[in-house]
2 protein chains.
Amino acid sequence: MGRISRRLGELTPNQALIVYYLLAILLGAFALSLPLASRQGPLPFIDGLFTATSAMCVTGLAVVDTGSRFTLFGQLTILLLIQVGGLGITTFSVYLFFYLRQGVGMRGRWIIHETLLHTPVDSLRDLVRSIFKLTLAIEAAGAVLLAFAFVPRLGWTTGVYYAIFHSVSAFCNAGFALFSDSLIGFRDDPLVNLTIMGLIILGGIGFLVMREVLASCRRPRAGGRRRLSLHSRLVLWTSLALVAGGAVLIALLEAPASFRQLPAGEAFWIALFQSVTARTAGFNTIDLNSFEAPTLFLMIFLMFVGASPGSCGGGIKTTSLALFVAILHSRLKGSAHTNVFRRTLPDELATKTLTLVMLAALFLGAATFGLLTVQMTGIPFRESGGLFLDYVFEAVSAFATVGLSLGVTPQLVPAGKLIVILLMFVGRVGLLTVAFTIIRRSREDAVRYAEENIMIG
Amino acid sequence: MGRISRRLGELTPNQALIVYYLLAILLGAFALSLPLASRQGPLPFIDGLFTATSAMCVTGLAVVDTGSRFTLFGQLTILLLIQVGGLGITTFSVYLFFYLRQGVGMRGRWIIHETLLHTPVDSLRDLVRSIFKLTLAIEAAGAVLLAFAFVPRLGWTTGVYYAIFHSVSAFCNAGFALFSDSLIGFRDDPLVNLTIMGLIILGGIGFLVMREVLASCRRPRAGGRRRLSLHSRLVLWTSLALVAGGAVLIALLEAPASFRQLPAGEAFWIALFQSVTARTAGFNTIDLNSFEAPTLFLMIFLMFVGASPGSCGGGIKTTSLALFVAILHSRLKGSAHTNVFRRTLPDELATKTLTLVMLAALFLGAATFGLLTVQMTGIPFRESGGLFLDYVFEAVSAFATVGLSLGVTPQLVPAGKLIVILLMFVGRVGLLTVAFTIIRRSREDAVRYAEENIMIG
Ligand SMILES: [K+]
Ligand SMILES: [K+]
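Conventions we followed
- Residues numbered from 1 in each chain as written.
- Chains lettered and ligands numbered in written order.
- Predicted model: local features only at pLDDT ≥ 70, side-chain atom pairs only at ≥ 80, totals over all residues.
- Heavy atoms only, no water.
- Helix = DSSP H or I, 4+ residues; strand = E, 2+ residues; numbered from the N terminus.
- Buried < 20%, exposed > 50% of the residue type's maximum accessible area, 1.4 Å probe, protein only.
- Contact = heavy atoms within 4.5 Å.
- Areas by Shrake-Rupley, 256 points an atom, 1.4 Å probe, with all protein chains shown as cover.
- Donors = N, O, S within 2.8 Å, 3.2 Å for Na, K, Ca; no water.
- Salt bridge = Lys/Arg side-chain N within 4 Å of Asp/Glu carboxyl O.
- Axes fitted to C-alpha atoms, helices over the stretch in contact; angles between N-to-C directions.
- Parallel < 35°, antiparallel > 145°, perpendicular 65-115°, else oblique.
- Nonpolar A, V, L, I, M, F, W, Y, C, P; charged D, E, K, R; others polar.
- Phe/Tyr/Trp six-rings, centres within 6.5 Å; stacked < 30°, edge-to-face > 60°.
- Disulfide = S-S within 2.5 Å.
- 1 Å grid on protein atoms, 1.4 Å probe; cavity = no way out; pocket = protein on both sides within 12 Å on 5 of 7 lines; lining within 4 Å.
- Points joined across faces, edges and corners; volume = space filled by probe spheres on them.
- Expected span 1.5 Å × (residues − 1).
- pLDDT = per-residue confidence, 0-100.
- Patch = residues over 30% accessible without salt bridge, like charges linked within 9 Å, V, L, I, M, F, W, Y side chains within 5 Å.
- Left-handed = near helix turned anticlockwise from the far one by under 90°.

- Naming follows an unreviewed UniProt entry, where chain A appears as Ktr system potassium transporter B of Desulfuromonas versatilis.

1. Structural notes on the overall build of chain A
Piece 1. Summing up its helical and strand segments, chain A has 17 helices and 2 strands in all.
Piece 2. Burial statistics for chain A: of 457 residues in total, 61% are counted as buried.
Piece 3. Within chain A, residue pairs in contact and separated by at least 24 positions form 73% of the contacts whose partners lie at least 6 positions apart.
Piece 4. Per element, the accessible surface of chain A, about 17,800 Å² overall, is 66% carbon and sulfur.

2. A look at the coordination of the potassium ion (ligand 2)
All names here are of chain B.
Piece 1. For the potassium ion (ligand 2), the protein coordination sphere consists of Val58 (O), Thr59 (O), Asn173 (O), Thr280 (O), Ala281 (O), Thr401 (O) and Val402 (O), at 2.5 to 2.8 Å.
Piece 2. Mapped onto the polypeptide sequence, the residues donating to the potassium ion (ligand 2) form the spacing pattern V-T-x113-N-x106-T-A-x119-T-V. The same class applies to Thr401 as to Val402, namely buried.

3. A look at the coordination of the potassium ion (ligand 1)
All names here are of chain A.
Piece 1. Around the potassium ion (ligand 1), the donor atoms from the protein are Val58 (O), Thr59 (O), Asn173 (O), Thr280 (O), Ala281 (O), Thr401 (O) and Val402 (O), and they sit 2.5 to 2.8 Å away.
Piece 2. Positions of the donor residues of the potassium ion (ligand 1) along the chain correspond to the pattern V-T-x113-N-x106-T-A-x119-T-V. Of this pair, Val58 sits in the loop between helix H3 (45-56) and helix H4 (66-69) while Thr401 sits in the loop between helix H16 (387-399) and helix H17 (414-439), and the two are 343 residues apart along the sequence.

4. What about the pattern of salt bridges?
All names here are of chain A.
Piece 1. If you walk through the whole model with that rule in mind, you get 6 salt bridges over all chains.
Piece 2. The residue Asp47 makes a salt bridge to Lys417 at a minimum N-O spacing of 2.8 Å. Placement of the pair is Asp47 in helix H3 and Lys417 in helix H17, with a sequence separation of 370 residues. Pair check on accessibility: Asp47 and Lys417 agree, each one buried.

5. As for the packing of helix H12 (residues 264-278) of chain A against helix H13 (residues 293-305) of chain A
Residues and elements named next belong to chain A.
Piece 1. Viewed as axis vectors pointing N to C, H12 and H13 meet at an angle of 40 degrees, and their least axial separation amounts to 8 Å. In this view, H12 runs oblique relative to H13, as classed from their interaxial angle. Along its contact with H12, which presents Gln274, Ser275 and Ala278, the element H13 presents Met299, Leu302 and Met303.
Piece 2. Classifying every residue of the contact of H12 with H13 by side-chain character gives 4 nonpolar, 2 polar and no charged.

6. What to know about the side chain of A:Thr59
Residue and element names in this part refer to chain A.
Piece 1. As for its placement among the helices and strands, Thr59 is situated in the loop between H3 and H4.
Piece 2. Among the residues examined, Thr59 registers a relative accessible area of 0% and is labelled buried.
Piece 3. Residue contacts for Thr59: discarding those within four places in its chain leaves Ser54, Ala174, Ala281, Ser397, Ala398, Thr401, Val402, Gly403 and Met424.

7. Focus: the packing of aromatic side chains
When we look at a pair of aromatic rings, we describe it by the centre distance and by the angle of the planes.
All names here are of chain B.
Piece 1. Summed over all chains, the structure comprises 25 aromatic pairs over all chains.
Piece 2. On the basis of an interplanar angle of 65 degrees and a centroid distance of 5.5 Å, the ring pair of Phe150 and Phe179 is categorised as edge-to-face. Pair noted here: Phe150 is in helix H7 (residues 124-154) and Phe179 is in the loop between helix H8 (156-171) and helix H9 (190-205), with a separation of 29 residues, a long-range link. For the pair Phe150 and Phe179, one class covers both residues: buried.
Piece 3. Ring centres 5.7 Å apart and planes at 40 degrees place the aromatic pair Phe363 and Phe399 in the tilted group.

8. Structural notes on the state of the cysteines
Piece 1. In total, this model carries 0 disulfides over all chains according to the counting rule given.
Piece 2. The closest cysteine sulfur to the non-disulfide-bonded B:Cys172 is located on B:Cys312, 4.5 Å from its own sulfur.

9. Considering the layout of surface pockets
Piece 1. Considering only enclosed or pocket space, the largest pocket measures out at about 1,800 Å³ in volume.
Piece 2. Residue lining of the largest pocket: 50 residues in total, with A:Ala361, A:Gly365, B:Phe297, B:Phe304 and B:Ala361 positioned closest to the centre.
Piece 3. Its residues assigned to classes, the lining of the largest pocket comprises 44 nonpolar, 6 polar and no charged.

10. Focus on H3(A)
Residues and elements named next belong to chain A.
Piece 1. Helix length check: H3 (12 residues) gives 16 Å between terminal C-alpha atoms against 16 Å at 1.5 Å per residue, within 8%.
Piece 2. Among the 12 residues in H3, 10 count as buried, and that is most of the element.
Piece 3. Taken together, the buried positions of H3 are Asp47, Gly48, Leu49, Phe50, Thr51, Ala52, Thr53, Ser54, Ala55 and Met56.
Piece 4. Val58 occupies a position one or two residues after H3 and carries a positive phi of about 40 degrees.

11. Description of H8(B)
Piece 1. Spanning 16 residues, H8(B) covers 22 Å between terminal C-alpha atoms, matching the ideal 22 Å at 1.5 Å per step.
Piece 2. Within H8(B), burial applies to B:Gly159, B:Tyr161, B:Tyr162, B:Ala163, B:Phe165, B:His166, B:Ser167, B:Val168, B:Ser169, B:Ala170 and B:Phe171.

12. Some thoughts on unusual backbone geometry
Piece 1. Positive phi, normally seen in glycine, also occurs at A:Asn173, with a value near 55 degrees.
Piece 2. With respect to the helices and strands, A:Asn173 occurs in the loop between helix H8 (156-171) and helix H9 (190-205).
Piece 3. One non-glycine residue, B:Lys317, lies in positive phi territory at about 90 degrees.
Piece 4. Assignment of secondary structure puts B:Lys317 in the loop between helix H13 (293-305) and helix H14 (318-332).

13. Describing the environment of A:Thr280
All names here are of chain A.
Piece 1. Structurally, Thr280 can be placed in the loop between H12 and H13.
Piece 2. Along the backbone, Thr280 and Ala398 are 118 residues apart, and their C-alpha atoms lie at a distance of 9.5 Å.
Piece 3. Filtering out sequence-adjacent residues up to four positions away, Thr280 remains in contact with Asn173, Gly306, Ala307, Gly313, Gly314, Gly315, Ala400, Thr401 and Val402.

14. Thoughts on the confidence of the model for chain A
Residues and elements named next belong to chain A.
Piece 1. This prediction gives chain A a mean pLDDT of 81; 82% of its residues lie at or above 70.
Piece 2. This model gives residues 101-120 a pLDDT under 50, and the stretch forms 35 contacts once residues within four places in sequence are excluded.
Piece 3. For residues 441-446, every residue scores under 50 in pLDDT, and the model assigns this stretch 11 contacts once sequence neighbours within four places are set aside.

15. A short note on a nonpolar patch on the surface
Residue and element names in this part refer to chain A.
Piece 1. Residues Val144, Leu145, Phe148 and Leu191 make up a contiguous nonpolar surface patch of roughly 370 Å² in combined accessible area.
Piece 2. Here the nonpolar patch takes 3 residues from helix H7 (residues 124-154), the largest share from any one element.
Piece 3. Among the secondary structure elements, Val144 is positioned in helix H7.

16. A word on the side chain of B:Ser239
Residue and element names in this part refer to chain B.
Piece 1. Tracing the chain through its elements places Ser239 in helix H11 (residues 230-254).
Piece 2. With a relative accessible area of 10%, Ser239 lands in the buried category.
Piece 3. If we ignore the near neighbours within four places in the chain, the residues touching Ser239 are Ile205, Arg279, Ser308 and Thr318.

17. Points about the packing of H13(B) against helix H16 (residues 387-399) of chain B
Residue and element names in this part refer to chain B.
Piece 1. One way to put it is that H13 packs onto H16 with a least axis distance of 9 Å and a crossing angle of 20 degrees. One way to sum up the angle between H13 and H16 is to call them roughly parallel. Crossing geometry of H13 relative to H16 is assigned as left-handed. On H16, the residues that touch Leu296, Met299, Ile300, Met303 and Phe304 of H13 are Leu389, Val392, Phe393, Val396 and Ser397.
Piece 2. When grouped by side-chain class, the residues that make up the contact of H13 with H16 number 9 nonpolar, 1 polar and no charged.

18. A look at the environment of B:Gly155
Residue and element names in this part refer to chain B.
Piece 1. Among the secondary structure elements, Gly155 is positioned in the loop between H7 and H8.
Piece 2. Judged by relative accessible area, Gly155 falls into the partly exposed class, the value being 31%.
Piece 3. Every residue in contact with Gly155, bar those within four places of it in the chain, is listed here: Phe150 and Val160.

Structure (structure tokens):
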């Protein structure tokens, strides 16, 4: 035992993160496979593994109906995995940004305080404690608000329990719902819409941004509000653009189709909610099968982008998208460096961002190919009834830990389940550790040969 | 007139390329819309524009059947556009690589001779002349071989004409066929298969590689064959891997489906041919509608990659793919520079490659969204019968100037035709000019602000 803990102590942060997730997922899968955890007979282990991975990676894809198949014990296990998974991600990714730069020395420490945190923190322990406190406070507030909607419908006990479950699930961007139709029953309820969207957005913009905005409101500088860091401004503007742009496009695209016979108010809530939820939350307030192909294509894009760094959300992140656009813009202008909001980005960051995005695209492409192969081999495309989009949607949803689905999750064959499990795990843990690896100072000692150019045109 | 030609003389190479293509396309569209050009009444101008763009950009997508709808005059116009378009691309992209470096001075000139051409050329005129001669020689050889297959079936006049047309169309990777079912009628004919594949591959590996391989075979160095340049080795190995890998995967995937009842020989030819043709040629020897979804997904990938630089082929190019993989590999190892075949790549090249690939992906994504929107709005996805994949396939095929289709080309609405025309034009002319822009030495004089880092994880 002492030997194991000594071994664990020797792990790099990357390895520790992977071990943390693997252990929690295996324990969760074991617990969920117990007869105690589910009604209608015990769950097959692969379904337990799928559900535990989906919960721990805060994805929300479900092979069985969470509300009716799991007992209270099963549901609480899922809730615990969501909370442990969500906090683990937030803490680690904040640590990633915060601590790596401490290694650089006092100057690095000073830079991060000045540019990112603005309000200095004394230690990592304080930082983690404040993450936990903020999480708890927001989830409690969300639960109180949701209770106003759920208690009148479901009575005190169930209503309060449902309020807590959905508040945690929303803030952690997990997307698990206890209602079998997700939140379709509340599609035009302003309180539920606003609370859930608020929780999703707060849970998705990242802890450092929340902290900085709070500090900036609390302690305005003499002579006007303090300027936010580049990171926060980038996150806030990109998130706003994606939420608003997504909602407007969904409303316009669906106006002649699924929204045709809906009252304007209901269409407004549905469009806004689907735009917010696609960015890795995973609840839905409409059956996505009634959407058109272009709308689903747009949602695939929103899912792939995902939330912001240092949050529970997945995807390649808002900052990567913003940087990507900025880099393209500056390259096409013929400029060698990239400016955003009157700040010049470190040169290295461009290659790192592009590498991260392309690696994500490459892995996602390969896994999608695998999923299509195990699910659709033997059926000529013309006779498969359009399931192609279903599986592409499913793969992106899993990789970006969104949890939206066109309904094929329960139809996955065992190999398909394993691929989706891998997508969720890599999409969650892998992207972080890859970011960790490429953000690490590059070793300069590798072999260096004579330079030679080639054509890429 | 003198004023116009003076104006033309002042164009940058980029602008000249765009003007060359636009003028040829407009002239071609005008010619194809003449009553003289088509049977069954004159072609609507938009269809003439579509066909002219498809021919000039050597794509091969067709809104009408080339063999039955066009008269001999119409077909010869198409053939002329293919030849003018194909040579224009080859010449310009070789010029791009060759001449840009001359601007760098004698050292640059020396480097390109040493590393790329191996056999020095005296002037751009000589280079262009040798491109023309090689093109003509290969097309003539191809026509002679094809005549052996076509003359017995079609008689002397038609047979020889068809042999010339398909030889040019194949070497230019244009994909226009005079048979209404492309080359399905020759699916198990070894002579036609080998000749067309040979023409496609030669036309797709690029002029500089052909020239270097020829020179290396002709004049071996004392003490063994001369080593090929990094560029040629990268092109040859990547092409080989894609052709062989693609064929094996297609054969494996389709073995339980469309190949189930075929003789092994026929399946072999079909798998190999479809792997070769997807990399921007655009002929087909099987109805692609009988393929499965994973096979079509694989073909979308092969189409997006496309041929090699300095050729008539489209796509992001084999070298971009190879560099992309090499860059990812070195970044994940934590190395700051990228080595390929014991050569270190210039640092700039990494960012340039990634920028080109991502820009291509971004534009393609946006245009696909547009195409889906104009073609599929108003129909709930579930009722659209899987046309999603058809349009994604069509968009990638147009952008990479491949010309393969699942059959929706004639069903395009006018706005859809315009989007596909834009895709073909940008996929052909745009990628080259973008490459030109980002390969150009970056200006260092743009505003430079204080550096500030952000999180991308
Ligand atoms: K989720
Ligand atoms: K083509």
